[in-house]
Amino acid sequence: MTDTPPVSNVLLVTVDSLRADALGAYDPDRRTPIMDELAADGTLFEHAYATGNWTPFSFPSMLASRHVFEGDGSIGVDAGTTLASVLSEAGFDTAGFNAANGFLSSHWGYDAGFDEFDSFVANVGDGLYGRYLATHPTVEAWLQVATAPFRRVGKVVRRQTDDRPFLDTARMFDVEHAATDFLEDAGEDDDPFFLWVHYMDVHTPYVPAKRYVKEVTDSRLGLHRKLLAHTYTGLGWEVGDRTLEDLRTLYQATVRQVDASIGRLLDTLDVVGHADDTAVVLAGDHGEEFQEHGHLSHYPKLYDELMHVPYIVDVPGAESRRIEQQVGLDTIPPTAAELVGVEGHPDWRGTSLVPTILDGETPPNEPVISVTVRGETVTTQPIPRTLDDGDLLVSVRDGPWTYIENVETGETELYDRRADPTQQTNLADDPTPEQRDVIDRLASIAEAHVTTLGDGGDAAGDDEVDDAVEARLTALGYQ
């Protein structure tokens with residue numbers, strides 16, 4: 001715990017399905033001006049890795065600094081202690097707003113410690129439309145695209161303007177407005193605060209507003225090309241080069257859309273007078289595949305396109321840094337707590353990165369462990385929620401090495417990311433003596449991790465998921 005905390009408040013921004021190389025700060029061919037400015041002013045972790053390939057496998061580390069399945073075998077945070085709970089007990093005003101990802105709802109304990117919490121999942125009404133249309137982002141997204149010309153004409157005829165220039169299919173405006181209201185209230189008193197905001201625009205389907213498509217490409221993407229691209233994505237089919245490029249363009253445009261929303265939140269932070277005493281933490285919960293290993297979206301794999309995520313911490317007054325050592329997202333809770341002078345929970349797995357952020361110290365050389373569960377095929381539905389739903393895969397990243405093991409079958413993979421950054425050549429098939437030593441060392445780390453996991457069991461009461469949450473999970477492909 002710091003004696004003199006550098007800031008009083010924390011704004012945690014998480015973005016679903018956000019690859020590291022989607023940001024200009026990680027890939028100069030991209031343009032994300034708001035997030036790039038955060039990186040330029042703050043500390044950017046060049047090799048940050050998620051602890052799972054999709055939201056419920058990653059978020060226990062991000063908000064509770066615990067591994068998924070740890071202890072009781074659940075995918076939620078009920079068995080752990082969240083960052084919000086620790087800060088709330090320390091007297092912070094807390095708020096969390098999640099853009100309708102059903103796996104980040106109160107059902108899995110994510111409301112713990114928040115004075116204000118809205119997952120925008122259950123408030124869709126009880127009628128046919130509310131339960132089966134409003135909860136299905138794919139349907140609403142394509143309604144947005146198909147009706148956009150008519151809506152524009154109608155507004156011109158009625159001489160109307162609208163502060164929502166496109167339908168809120170990913171609940172971005174709902175989240176942004178709720179967060180803005182919280183920040184405006186925070187500006188009226190001196191109580192410290194913790195605000196968590198989670199965006200879903202970058203999750204498939206990628207349906208950005210036209211303005212952001214224009215910002216990332218000179219090509220015209222007609223409705224038929226958008227529909228074709230997402231049809232292939234939804235079916236898990238391989239696509240050709242043109243369709244793949246269309247998907248990448250739409251994806252990058254949604255990243256730009258979120259970037260603009262983050263900018264508006266930071267503007268509000270400035271207006272209410274808290275820009276100089278608030279740390280901003282930005283991270284993706286996992287990445288997105290564009291056929292690097294044969295599929296689209298984020299099916300159960302552990303390669304870098306899904307594991308390598310942006311992680312930026314901007315502390316006003318601190319020097320700008322780029323950190324090369326690998327870090328995991330379980331460092332978020334202890335880091336955020338120490339930045340505001342609060343002692344972290346003793347059960348938290350991660351190590352605080354405050355000495356790195358403030359003083360430039362090298363982070364602890366701790367391997368990053370990630371897991372997924374895979375059924376008979378990569379695209380098997382339902383997507384696993386328990387250890388009993390398929391084979392457990394564990395990866396260990398240490399320095400340049402990525403080790404992946406199928407715990408059930410004993411199959412192993414080893415990649416040297418220096419020579420093989422896209423992880424295409426499995427060195428475990430014919431390892432050198434040096435590589436055999438690396439395999440043995442990392443295999444022992446993976447084996448030790450497996451011993452900490454629960455027995456599968458009932459993943460936080462999956463059978464009792466209410467209709468609204470289940471509809472949202474189905475809409476996102478999480479059946």
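This text goes with the structure placed above it.
Here, residues in each chain are numbered from 1, in the same order as that chain's written sequence. Whole-chain, interface and lining totals are the exception, using all residues; otherwise, since this is a predicted model, local features are given only for residues with pLDDT of at least 70 and side-chain atom pairs are given and counted only at 80 or more. Side-chain calculation: all heavy atoms of the structure are included, whereas hydrogens and water are not.

Helix numbers and strand numbers start at the N terminus; a helix is a DSSP run of H or I with at least 4 residues, a strand a run of E with at least 2. Each helix and strand counted, the chain has 14 helices and 15 strands in total. Exposure is judged per residue with a 1.4 Å probe applied to protein chains only, and the accessible area is read against the type maximum: over 50% gives exposed, under 20% gives buried, and values in between give partly exposed. Going through the 479 residues of the chain one by one, you find that 59% of them count as buried. Note on contacts: a residue pair is in contact if any heavy atoms of the two residues lie within 4.5 Å. A separation threshold of at least 6 residues defines the contact pool for the chain, and within that pool the share at least 24 residues apart is 71%. Of the accessible surface of the chain, which amounts to about 19,200 Å², a share of 46% is contributed by carbon and sulfur atoms. Working definition of accessibility: Shrake-Rupley area with a 1.4 Å probe, residue cover restricted to the visible protein chains.

Omega for the peptide link from threonine 204 to proline 205 comes to 5 degrees, which places this bond in the cis form. The topology assignment puts proline 205 in the loop between strand E5 (193–199) and helix H7 (210–216). The phi torsion at serine 17 lies on the positive side, around 65 degrees, for a residue other than glycine. If you trace the backbone, serine 17 turns up in the loop between strand E1 (9–15) and helix H1 (33–41). Located in the positive-phi region is serine 65, a residue other than glycine, with phi close to 50 degrees. The topology assignment puts serine 65 in the loop between helix H2 (55–64) and helix H3 (83–89).

So, about the sheet that holds strand E15 (residues 412–416). Spatially, four strands are ordered E12-E13-E14-E15 in an open sheet, and the strand pairing comes out antiparallel. The open sheet is flanked by strand E12 (368–374) and E15, the only strands paired with a single partner. The mean angle between the axes of side-by-side strands here comes to 15 degrees, regardless of whether they run parallel or antiparallel. Every angle, taken between N-to-C directions, lies between 0 and 180 degrees, and every axis is a line fitted to C-alpha atoms, over only the stretch in contact when it is a helix. Helix-sheet contacts for helix H13 (residues 433–450) involve E12, strand E13 (391–398), strand E14 (401–406) and E15, and the interaxial angle to E14 is about 55 degrees. Two strands make a pair as long as DSSP finds a minimum of two bridges between them.

Nonpolar core, defined: a set of buried Ala, Val, Leu, Ile, Met, Phe, Trp, Tyr and Cys residues in which side-chain atoms within 4.5 Å join the residues together. Residues Phe45, Phe194 and Tyr311 are the most contacted members of the largest nonpolar core, which totals 66 residues. Beyond its immediate chain neighbours, meaning those up to four positions away, phenylalanine 194 contacts Val10, Leu12, Leu83, Ala84, Leu87, Phe92, Asp93, Thr94, Ala95, Phe114 and Phe182. In this structure, Ala25, Leu44, Val175 and Val202 belong to the second largest nonpolar core, which totals 56 residues.

On to the side chain of threonine 402, then. Among the structural elements, threonine 402 can be located in strand E14. Polar contacts involving the side chain of threonine 402 include one to the side chain of arginine 417, which spans 2.7 Å. When residues no more than four places from it in sequence are discounted, the contact partners of threonine 402 are Asp304, Val396, Arg397, Glu413, Leu414, Tyr415, Arg417 and Gln423. Think of a polar contact as two N or O atoms within 3.5 Å of one another; within protein, one of them needs to be a possible hydrogen donor and the other a possible acceptor, and neighboring residues in sequence only count if both atoms come from side chains.

This next bit is on the packing of aromatic side chains. Each aromatic pair joins two rings of Phe, Tyr and Trp (for Trp, the six-membered one) with centres within 6.5 Å, and gets the label stacked for planes under 30 degrees apart, edge-to-face for over 60, and tilted for any other angle. Applying the stated criterion across every chain, the model contains 15 aromatic pairs. For the pair tyrosine 206 and phenylalanine 290, a centre-to-centre distance of 6.2 Å together with 45 degrees between the ring planes defines the contact as tilted. Here phenylalanine 290 lies in strand E7 (residues 289–290) and tyrosine 206 lies in the loop between E5 and H7, a separation of 84 residues in the sequence. Each member of the pair, tyrosine 206 as well as phenylalanine 290, carries the same accessibility label: buried. Whether a charge sits over a ring comes down to the Lys NZ or Arg CZ being within 6 Å of the ring centre and within 35 degrees of the ring normal. Note that arginine 418 overlies the ring of tryptophan 401, its terminal NZ or CZ placed 5.3 Å from the centroid.

In this analysis the probe radius is 1.4 Å and the grid spacing 1 Å, with only protein atoms considered; a cavity is a set of points the probe fits into but cannot get out of, a pocket is an open set with protein on both sides within 12 Å along at least five of seven lines, and lining residues have an atom within 4 Å of a point. Grid points are joined across faces, edges and corners, and a volume is the space filled by probe spheres set on the points. Per the stated rule, a full pass over the model turns up two cavities of 30 Å³ or more. In terms of lining, the second largest cavity is formed by Arg19, Asp21, Ala22, Arg30, Arg248, Tyr251, Gln252 and Phe290. Three classes are used: nonpolar for Ala, Val, Leu, Ile, Met, Phe, Trp, Tyr, Cys and Pro, charged for Asp, Glu, Lys and Arg, and polar for all others, with Gly counted as polar. Counted by class, the lining of the second largest cavity contains three nonpolar, one polar and four charged residues.

Along the polypeptide, aspartate 246 turns up in helix H9 (residues 241–271). Judged by its relative accessible area of 5%, aspartate 246 is buried. For the pair aspartate 246 and threonine 217, spaced 29 residues apart in the sequence, the C-alpha separation amounts to 9.8 Å.

The next thing to look at is the pattern of salt bridges. Between Lys or Arg on one side and Asp or Glu on the other, a salt bridge is scored when a side-chain nitrogen of the former is within 4 Å of a carboxyl oxygen of the latter. Counted under the stated rule, the structure contains 18 salt bridges. Between glutamate 46 and arginine 322 there is a salt bridge whose closest N-O contact spans 2.9 Å. Note that glutamate 46 is positioned in strand E2 (residues 43–49) and arginine 322 in strand E11 (residues 321–328), a separation of 276 residues in sequence. Residue classification places arginine 322 among the partly exposed positions, given a relative accessible area of 47%. In this structure, lysine 301 and glutamate 289 form a salt bridge, with 3.1 Å as the shortest nitrogen-oxygen distance. On the criterion of sequence distance, the pair formed by lysine 301 in the loop between strand E8 (296–297) and helix H10 (304–307) and glutamate 289 in strand E7 is long-range, its members being 12 residues apart. When sorted by exposure, lysine 301 lands in the same class as glutamate 289, which is buried.

Our focus in this paragraph is the side chain of glutamate 338. Along the chain, glutamate 338 falls in helix H11 (residues 332–339). Arginine 321 is the oppositely charged side chain nearest to the buried, salt-bridge-free glutamate 338, at an N-O distance of 13 Å. Polar contacts involving the side chain of glutamate 338 include one to the side chain of serine 352, which spans 2.5 Å. This count recognises Lys and Arg as positive and Asp and Glu as negative, with His and chain-terminal groups excluded.

All right, on to a negative patch on the surface then. A cluster of acidic residues, Asp115, Glu116, Asp181, Glu184, Asp185, Glu188, Asp189, Asp190 and Asp191, forms a negative patch on the protein surface. Here the element with the most residues in the negative patch is helix H6 (residues 172–186); it accounts for three residues. Residue placement: aspartate 115 occurs in the loop between strand E3 (93–98) and strand E4 (116–118). Exposure above 30% relative accessible area and the lack of any salt bridge qualify a residue for a patch; like charges then connect within 9 Å, and the nonpolar side chains Val, Leu, Ile, Met, Phe, Trp and Tyr within 5 Å. In this description, the location of a charge corresponds to atom NZ of lysine, CZ of arginine, CG of aspartate or CD of glutamate.

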